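Here is how the chains run, residue by residue.
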Amino acid sequence: MALKVGRTGGGDVSRGPKGGGGPLLAWACLQLALGTMLALWGEQVPALLFLSGAIPLLLLSAWNRVRPPTGNPRLLARVSVPVVVLAAGTAAVAVGFTAGLWLSLIGAELAAFAVVWLVREIVAERRTVGR
């Protein structure tokens, strides 16, 4: 089955989702494996956290697999700089918990800037597709 993708001014348009449950299933299996190993050779509370954290991922993955594609056009983003800036800001916040409050605040500011930038980009792309 060929995936029809048309070029527009703001991004690409596809005809629905295609196989989005794979990464969720892989992450859930990794969590199950880590939780099982912790239960066998380690402490029980972290093992339960890993094992119970995998359950929603498995359910979401199964739902994503059985859900039929809508067939409606769906916006596919090109290379998006705000996503990279958001990831860097989130990582800075996470490292800031160890390094100090100053890094957490800088990371939070960077992440907030990236979220606003990303919302502007999404609104502009949807406006372009609508025309």
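Residues numbered from 1 in each chain as written. Predicted model: local features only at pLDDT ≥ 70, side-chain atom pairs only at ≥ 80, totals over all residues. Heavy atoms only, no water.

Novice: Requested: an account of the overall build of the protein chain, with residues and values cited.
Specialist: Looking only at helices and strands, the protein chain features four helices and three strands. Along its sequence from the N terminus, the protein chain presents helices and strands in the succession β-β-α-α-β-α-α. Sorting the 131 residues of the protein chain into buried and exposed places 22% on the buried side. Taking as baseline every contact in the protein chain between residues at least 6 positions apart, the subset at least 24 positions apart corresponds to 63%. (Helix = DSSP H or I, 4+ residues; strand = E, 2+ residues; numbered from the N terminus. Buried < 20%, exposed > 50% of the residue type's maximum accessible area, 1.4 Å probe, protein only. Contact = heavy atoms within 4.5 Å.)

Novice: Which residues make up the side chain of glutamine 31, and what values go with them?
Specialist: Looking at where glutamine 31 falls in the secondary structure, it is placed in helix α1 (residues 21-41). Here the side chain of glutamine 31 touches alanine 54 through a polar contact of 3.2 Å, landing on its backbone nitrogen. Apart from the residues within four sequence positions on either side, glutamine 31 is in contact with Phe50, Gly53, Ala54 and Leu57. (Polar contact = N/O pair within 3.5 Å; in protein donor to acceptor, adjacent residues only side chain to side chain.)

Novice: Can you break down a nonpolar patch on the surface residue by residue, with the values?
Specialist: The grouping of Trp27, Leu30, Leu34, Met37, Leu40 and Trp41 at the surface amounts to a nonpolar patch, some 690 Å² of accessible area in total. As for its position among the elements, tryptophan 27 is in helix α1. (Patch = residues over 30% accessible without salt bridge, like charges linked within 9 Å, V, L, I, M, F, W, Y side chains within 5 Å. Areas by Shrake-Rupley, 256 points an atom, 1.4 Å probe, with all protein chains shown as cover. Salt bridge = Lys/Arg side-chain N within 4 Å of Asp/Glu carboxyl O.)

Novice: Before we move on, can you summarise α1 with the specific residues and values?
Specialist: Each α-helix turn comprises 3.6 residues. Residues three or four places apart therefore point the same way. Over its 21 residues, α1 runs 30 Å from end to end, which matches the ideal 30 Å to within 8%, given 1.5 Å per residue. Burial in α1 covers these residues: Gly21, Ala28, Gln31 and Gly35. The buried residues of α1 occupy an angular sector of 90° when projected down its axis, which confines them to one face. Facing away from the buried side of α1 by over 90 degrees, the exposed positions are Pro23, Leu40 and Trp41. (Expected span 1.5 Å × (residues − 1). Arc of directions from axis to C-beta.)

Novice: Describe the environment of glycine 107, and please don't skip the residues or the numbers.
Specialist: With respect to the secondary-structure elements, glycine 107 resides in helix α4 (residues 101-130). Since its relative accessible area comes to 0%, glycine 107 is described here as buried. Not counting chain neighbours up to four residues away, the residues in contact with glycine 107 comprise Gly89, Ala92 and Val93.

Novice: I'd like to hear about the packing of aromatic side chains, residue by residue, with values.
Specialist: One pass over the full model with this rule turns up one aromatic pair. Ring plane angle 45° and centroid distance 5.8 Å describe the contact between phenylalanine 113 and tryptophan 117, whose orientation is recorded as tilted. Of this pair, phenylalanine 113 and tryptophan 117 both sit in helix α4, four residues apart, which is roughly one turn of that helix. The class for phenylalanine 113 is exposed, based on a relative accessible area of 51%. Given a relative accessible area of 34%, tryptophan 117 falls into the partly exposed group. (Phe/Tyr/Trp six-rings, centres within 6.5 Å; stacked < 30°, edge-to-face > 60°.)

Novice: Break down the confidence of the model for the protein chain for me, citing the residues and quoting the values.
Specialist: With 74% of its residues at a pLDDT of at least 70, the protein chain reaches an overall mean of 79. Per-residue pLDDT, averaged within each element of the protein chain, yields its smallest value for strand β1 (residues 6-7) (47) and its largest for helix α3 (residues 81-99) (90). Across residues 1-10, where pLDDT falls below 50, the model places 20 contacts with residues more than four positions away in sequence or in other chains. (pLDDT = per-residue confidence, 0-100.)

Novice: Tell me about the packing of α1 against helix α2 (residues 44-66), and name the residues and values.
Specialist: For the pair α1 and α2, interaxial distance at closest approach is 8 Å and the crossing angle is 160°. The angle between α1 and α2 falls in the class roughly antiparallel. Like other packed secondary-structure pairs, α1 and α2 cross with a definite hand, here left-handed. Of α2, the residues touching α1 (which contributes Gly21, Leu24, Leu25, Trp27, Ala28, Gln31, Leu32, Leu34, Gly35, Thr36, Leu38 and Ala39) are Gln44, Pro46, Ala47, Phe50, Leu51, Gly53, Ala54, Leu57, Leu58, Leu60, Ser61 and Asn64. (Axes fitted to C-alpha atoms, helices over the stretch in contact; angles between N-to-C directions. Parallel < 35°, antiparallel > 145°, perpendicular 65-115°, else oblique. Left-handed = near helix turned anticlockwise from the far one by under 90°.)

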